[in-house]
Structures are given as C-alpha cells and as structure tokens.
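Architecture at a glance
Now for the letters of each chain:
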Amino acid sequence: MSHASNYGIRGRENLGGGQTAWFQIEQNAPIERSNNVAITPASRNSAVGIQGGWGNLFMGQWTTPWADLDALWGVGTVGGLGPITSLIGRRETTGTAPNPNCTNGHISPAPGTCDAVEAAGGVGHAFWRRASQAVFYQSPVFGRVQAKLMYQTNEGKPTATNGGADTADPQMWSASVQWAAMGGRLRVGAAVDAHKEF
C-alpha cells in the first residue's frame, strides 16, 4: 500500500475529423507512506496529446517503449513486488535525463546519488524508467502489430564538473514493436534503447 496506489485525472476533447485531444495527470497516493516514497504532482504517466486514425502523438512524462514492453513480465506485480523485481530488478526512475554529477549518472565518479530509489538501496537498471521532457508516438494496430517510438530531449542539459567544465548532452531514444493475439493474452515483442551520455 505504501507505493501501489495512484490517482489522477484524464480528459478528452473531440476535435472533429476523427481527431481527439487528450491529457492525463497521474501521481502516487501512498496510503501507508514510508520515508523513501515521495508524493509529487504528476510523478507518474502524465502528458498531453492528439490521437487519430494515424496513431497517438503526445509529449510529457511517460514510461518508455522499452519499459512498456518489459511490463509484459509484470503479471502479478503489486507495487514493487513481482517477477520483474525478483528476476531482473526494477528501478522506476522518473525525471529528466540523468545528471552526470551524480554517481548514478554513469559519467563521473563525483559524490552524490540523485536517484531516490537507488539511494534507498533499490536495484534495477536504467532502462526501466519514465522519461520526462519527451515526445512519444504510438502507431495504430496493424495486423495485431503496434510500434512505439520515443525521443527524450536534452532540455535538462547539465554541466559535468569532474576534471573540468565539460558539457554533457544526455538524451535518449526508445522504440518497440509488439505483436498480440488472443485478446492480448499472447504477446511477443522487441525493444531497443539508445542512451547518450548516461
């Protein structure tokens, strides 16, 4: 209950011609809050977008296509407990591209851990994350196949202080393709992430 409850608001507006504008703001609502669970507005999947027969284009903060596909193994997951946690680890990092001045930024050994979950002893990998300041596209389903694309901008471009004022330019691409059948009960997919400077 400490981090398995969420709430949010969602809205849709018909623009005509088969186009729909939408928004979503979601955040965690820990009923039994522990010290390492922050309550931050729009801390989960939150975005604005437009959707039509051509697909769904939106911008904001959302789980990456890699993370969406990884969730195929999340059957039975409740909060931080489930197959993903037990087998490959899970760190739901949310925010801008990692700062190279953090130890978990994977660029400089400067002190300081900026990932709250990692700082609290959490494990996982940098691929399971929500990317903010990002643009997303989800295609329509063609023959049971759907593609997803994401580009995270470098708007939070920091400066590394290790060994001089080296400017870092962290950004990220993510893409996935998924085939589903039997009402979604049978799914196969592939995903790729490209991380630049983190």
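Here's a quick rundown of the structure.

Our focus in this paragraph is the side chain of serine 174. Its place among the elements puts serine 174 in strand β10 (residues 171-181). A distance of 3.2 Å separates a polar atom in the side chain of serine 174 from the backbone nitrogen of tryptophan 66. Reaching out from serine 174, the side chain makes a polar contact with the side chain of aspartate 193 at a distance of 2.6 Å.

What follows concerns the packing of aromatic side chains. Going through the model one piece at a time under the given rule, you end up with five aromatic pairs. Connected via pairs of aromatic rings, a cluster forms that spans Trp22, Phe58, Trp62 and Phe136.

Examined bridge by bridge, strand β1 (residues 6-16) and strand β2 (residues 19-28) share 10 bridges and lie antiparallel to one another. Among the inter-strand pairings, arginine 10 is bridged to a residue of β2, identified as glutamine 24. Counting the residues in the hairpin turn of β1 and β2 gives two residues, including glycine 17, whose phi is positive at 65°.

Calculation notes
Throughout, residues of each chain are indexed from 1 in the direction in which the sequence is written. With the structure being a predicted model, the display of local features is reserved for residues of pLDDT at least 70 and the display and counting of side-chain atom pairs for 80 or more, all residues being used for whole-chain, interface and lining totals. Heavy atoms from the whole structure form the basis of all side-chain values; hydrogens and water molecules are not counted. Strands are runs of DSSP state E lasting at least 2 residues, helices are runs of H or I lasting at least 4, and numbering of each runs from the N terminus. Under this definition, polar contacts are N or O atom pairs within 3.5 Å; protein pairs additionally need one hydrogen-donor-capable and one acceptor-capable atom, and for neighbouring residues in sequence, both atoms have to be side-chain atoms. When two rings of Phe, Tyr or Trp (its six-membered ring) have centres within 6.5 Å they constitute a pair, described as stacked for plane angles under 30 degrees, edge-to-face for angles over 60, and tilted for the intermediate range. The criterion for strand pairing is that DSSP finds at least two bridges linking the strands in question.

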